[in-house]
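# Observations on the model geometry
This is what each chain is made of:
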Amino acid sequence: MCHAIPAKVVALRDDGMAEVELEGVIKEASLDLLDGVELGDYVILHVGYALAKLDPDEAQKTLKLFAEMGAAALAEGAVA
Amino acid sequence: MKYVEEFRDAELAKGLSAAIKAEAEPERIYKFMEFCGGHTHALARYGVEDLLPNNVKMIHGPGCPVCVLPVGRVDEAVALATQHDVILCTYADLMRVPGTKYESLIKARSKGADVRMVYSTMDALKIAQDNPEREVVFFAIGFETTTPPTAVAIKQAQKLGLKNFSVYCNHVLTPAAMRAILGAHTPEGAPNVVLDGFVGPAHVSAVIGTQPYEEFTTDYKKPVVIAGFEPLDVMQSILQLIRQANDGRADVENEYARAVTPEGNVKAQALVDEVFEVRDEFSWRGLGSVPLSALKIRSEFSEFNAELRFRVEVPSPKENKLCECGPILRGEKNPVDCALFGTSCTPDNPMGACMVSSEGACAAHWTYGRFRTELELEESA
Ligand code: SF4
């Protein structure tokens, strides 16, 4: 029910809708709830509406954090 | 899929699992509640609980809108569909939720009611436009993520001058439910659920931002770490919660910064404010009546309010006495504690709401967790 997934904006239309790509499938998304969406952005798609934009820098930072935390723990484990 | 696969990487998961094991102090027990059904699903589907040390326990909270909808509201929806000649539109999961005597919308449909599944509120509007001679009711449920699309639909209906569209509103509020859980006490005055913190909602927070959770850290001293729905997100948030617990801190932290900002989606919030106002109280499955925990349509939009437009007669609702959804939703029991689990109650034939949506604790456990419990039982035998 609350399933919402990142989808890539592949076309912007005049009627306030966007076309987004999701696992190779093109779907329509309403942009009524989100301003400033640009071509190529990733948005969270929920029941047909773009709800939030995904920030690529923050995504990278989060992935880096996972790697660092894990590496530190595994290294310590190896020493112990 | 971008922004999905990277957050499911098995190597990174090993690392995070090691970090959690290293930081969880063996002499204490940590209990964290994941509020969202989306997290319950992720924990079960990816076996995240297997990667946690035994003293880190996850408690499944009430954050699945299908599961918390009380029987009475299901009965009313069924009555709406059967007593009036309306087209009742709703999201897929809702169709199978059992009401009193296991009447569900899908059963009503099999008896001739016009119940239609929609993917989006836009579909419901389209049905209303295409059927001007019929009344079309959208059965709306959901937390703060699903509410803005309903607000858009009502505004749109007004703009289009649609006279045959209305909404049966069951939208509920996350912070109020969290408050109800933390405030629930036994008759002796002890808290019902002892928690060390919350894995905070992902997409609800994309809408409401991180600010509404501050009260849980100040008033209740519970850490909240907002987490994305992928398994690594959940693991990282658990690690951050363990750290906070170890340090004796209670802060709001945002693991899901790629989609959640402190202020949230301001445009969506403004739309919701324009169309809805807070109800004095609302009844939740599992939590009972919770003050200021749901929304109703503002009087300016009364013509789109199905509750005012249609009178329905329902006998007093009855929950199945054996169903343990209530205590499960409050974090007090597990699916396996229910006598009906896996025998008379399965996802194909759900007896209670927690078995309907894949985000419900019972359905998640049925689909992904059963064998794990069997193994655990064998090991401990
Ligand atoms: S197994 Fe079915 S009847 Fe039992 S608590 Fe879960 S949903 Fe309710």
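Quick caveat, the model's predicted, so the values are computed rather than measured. (Residues numbered from 1 in each chain as written. Chains lettered and ligands numbered in written order. Predicted model: local features only at pLDDT ≥ 70, side-chain atom pairs only at ≥ 80, totals over all residues. Heavy atoms only, no water.)

To continue, consider the overall build of chain A. Per the secondary structure count, chain A includes one helix and five strands. Counting from the amino terminus, chain A carries its helices and strands in the arrangement β-β-β-β-β-α. In summary, chain A has a C-alpha radius of gyration of 17 Å against a globular reference of 12 Å for 80 residues, an excess of more than 25%. A separation threshold of at least 6 residues defines the contact pool for chain A, and within that pool the share at least 24 residues apart is 31%. (Helix = DSSP H or I, 4+ residues; strand = E, 2+ residues; numbered from the N terminus. Rg over C-alpha atoms; globule rule 2.2 N^0.38 Å. Contact = heavy atoms within 4.5 Å.)

Right, let's talk about the interface of chain B and chain A for a bit. Residue-level contacts link 47 residues of chain B with 38 residues of chain A. Between chain B and chain A the total buried area reaches about 3,700 Å² when both faces are included, carbon and sulfur atoms providing 70% of it. When the buried surface of chain B facing chain A is broken down by residue, Y3(B), Y119(B) and R258(B) rank first, second and third, together holding 17% of it. Linking chain B to chain A there are one salt bridge. Between D35(A) and K267(B) there is a salt bridge, with its nearest N and O atoms 2.7 Å apart. Among the elements of the structure, α1 (10-23), α3 (65-68), α6 (121-130), α7 (147-160), α9 (203-208), α11 (231-247) and α12 (266-275) of chain B are those that each provide at least two residues to the side of chain B that touches chain A. Considered class by class, the residues forming the side of chain B that touches chain A number 27 nonpolar, ten polar and ten charged. (Buried area = accessible area lost by both parts, 1.4 Å probe. Salt bridge = Lys/Arg side-chain N within 4 Å of Asp/Glu carboxyl O. Nonpolar A, V, L, I, M, F, W, Y, C, P; charged D, E, K, R; others polar.)

Averaged over all residues, the pLDDT of chain B equals 93, while 97% of them reach at least 70. Taken over the whole predicted complex, pTM reads 0.93, whereas the ipTM for its chain interfaces reads 0.93. (pLDDT = per-residue confidence, 0-100.)

Let us look at unusual backbone geometry. Backbone geometry places E23(A), a non-glycine residue, at a positive phi of 50°. Mapped onto the elements, E23(A) comes out in the loop between β2 (17-22) and β3 (25-30). Relative accessible area serves as the criterion here: at 60%, E23(A) is assigned to the exposed category. At Y3(B), a position not held by glycine, the phi torsion is positive, near 65°. As for its placement among the helices and strands, Y3(B) is situated in the segment before α1. (Buried < 20%, exposed > 50% of the residue type's maximum accessible area, 1.4 Å probe, protein only.)

Attention now moves to the side chain of T121(B). On the secondary structure map, T121(B) appears in helix α6. Relative accessible area serves as the criterion here: at 1%, T121(B) is assigned to the buried category. Dropping the residues within four chain positions of it, T121(B) is found in contact with Y49(A), Y91(B), F138(B), P149(B), T150(B) and A153(B).

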